[in-house]
Amino acid sequence: MATPLATRSCLLASRGPPSHSAASSSSWPPSSLLQLGRRPSRRLHSSSPQVDAAAAPGKSGEYRPSFADDLLLAFFRSKMVEEVGWDSEKPGYAGLMEVANRLMVKGKSALETEQAAIRVLQSLFPPLLLVLYKALLAPIGNGQLAAMMLEARATALSCQWLMGTCSVNSVTLPDGKSWSSGVFVEKCKYLEESKCLGICINTCKLPTQTFFKDHMGVDLYMEPNFEDYSCQFNFGVPPPPLDTDKALKEPCLDICTNARRRRELGRNSSPDELGCPQV
């Protein structure tokens, strides 16, 4: 599970007192599962080359969430709720987005938000499993088995409930070799629904890259496209330094609610007033 995950910029934040307390980590099913409603399917259009068609279920460009997807969404949301200490009253994906917004608000800086998101990713796995994976599987074939056979395919098959239609493709590694260790997300639902570059960068891209490297022993470079909302996962490819990562140089999205708030309140407003951690 690659979740399960700016200019680190603005976020779509929900201010005001929490509606109710966080779900207990010991209770199952979590409240988010009980609230979960069926989500409509979305038709997307692929532009990814060299796609492994077997990794994308259903008709081309279409992904229909299953009951198992709903369970995964509920489980991931329950872990987010534990970290944030707050849950949304909204069911399904809309509620998850509000919890992600609160994760951004809770952090005093983008780095703090990133570290919180990494803790969420860690909580999705039994601790011993991560230790054994990094020690025993990640080194095989200089990481090729982990990157190509496990990470890419596992991500494409298990994370469509979060990101939308995914497919395995080939990427070029630093040594010039080509591996089928890429995952192309046709139109990332997480970015599309959040409408926020900061949420993408600080709760998904940077923490996911760090999590795979530090806790699973696999390099990962994620390349979100903020024009068409696609995203390319490059397993086995180390990310560039932060000061040269083009995704971190992108301006706020025009559709972001908080970008509009910044223009309305003016440049002299504090980050607190805007609900947006600045970096």
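For the structure, check the block above.
Fair warning: this is a prediction, and the values are worked out from it, not measured in the lab.

## Some thoughts on the sheet that holds strand S3 (residues 166-172)
Now for step 1: The four strands lie next to each other as S3-S4-S6-S5, forming an open sheet whose pairing is antiparallel. Of all the strands in the sheet, the pair left with one neighbour each is S3 and strand S5 (220-224). Averaged over neighbouring strand pairs, the angle between their axes works out to 25 degrees when direction is ignored.
Now for step 2: One ladder, built from five bridges, connects S5 with strand S6 (residues 231-235); its direction is antiparallel. Of the residues in S6, the one forming a bridge with Leu220 is Phe235.
Now for step 3: Where helix H6 (residues 144-158) meets the sheet, its contacts fall on S3, strand S4 (178-185) and S6, and the angle it forms with S4 comes to roughly 20 degrees.
Now for step 4: Against the sheet, helix H9 (residues 197-216) makes contact with S5 and S6, and its axis sits at roughly 160 degrees relative to S5, the strand it touches most.

## A word on the packing of helix H2 (residues 67-84) against helix H3 (residues 92-106)
Now for step 1: Relative orientation of the contacting elements H2 and H3 amounts to 25 degrees, with a least axis distance of 10 Å. Classified by the angle between their axes, H2 and H3 sit roughly parallel to one another. The interaxial crossing formed by H2 with H3 has left-handed handedness. Facing Leu73, Phe76, Arg77, Met80, Val81, Glu83 and Val84 of H2, the residues of H3 in contact are Gly92, Tyr93, Gly95, Leu96, Val99, Ala100, Arg102, Leu103 and Lys106.
Now for step 2: When the residues that make up the contact of H2 with H3 are grouped by side-chain class, the tally is ten nonpolar, two polar and four charged.

The rules behind the values
Residues numbered from 1 in each chain as written. Predicted model: local features only at pLDDT ≥ 70, side-chain atom pairs only at ≥ 80, totals over all residues. Heavy atoms only, no water. Pairing = 2+ DSSP bridges. Helix = DSSP H or I, 4+ residues; strand = E, 2+ residues; numbered from the N terminus. Axes fitted to C-alpha atoms, helices over the stretch in contact; angles between N-to-C directions. Contact = heavy atoms within 4.5 Å. Parallel < 35°, antiparallel > 145°, perpendicular 65-115°, else oblique. Left-handed = near helix turned anticlockwise from the far one by under 90°. Nonpolar A, V, L, I, M, F, W, Y, C, P; charged D, E, K, R; others polar.

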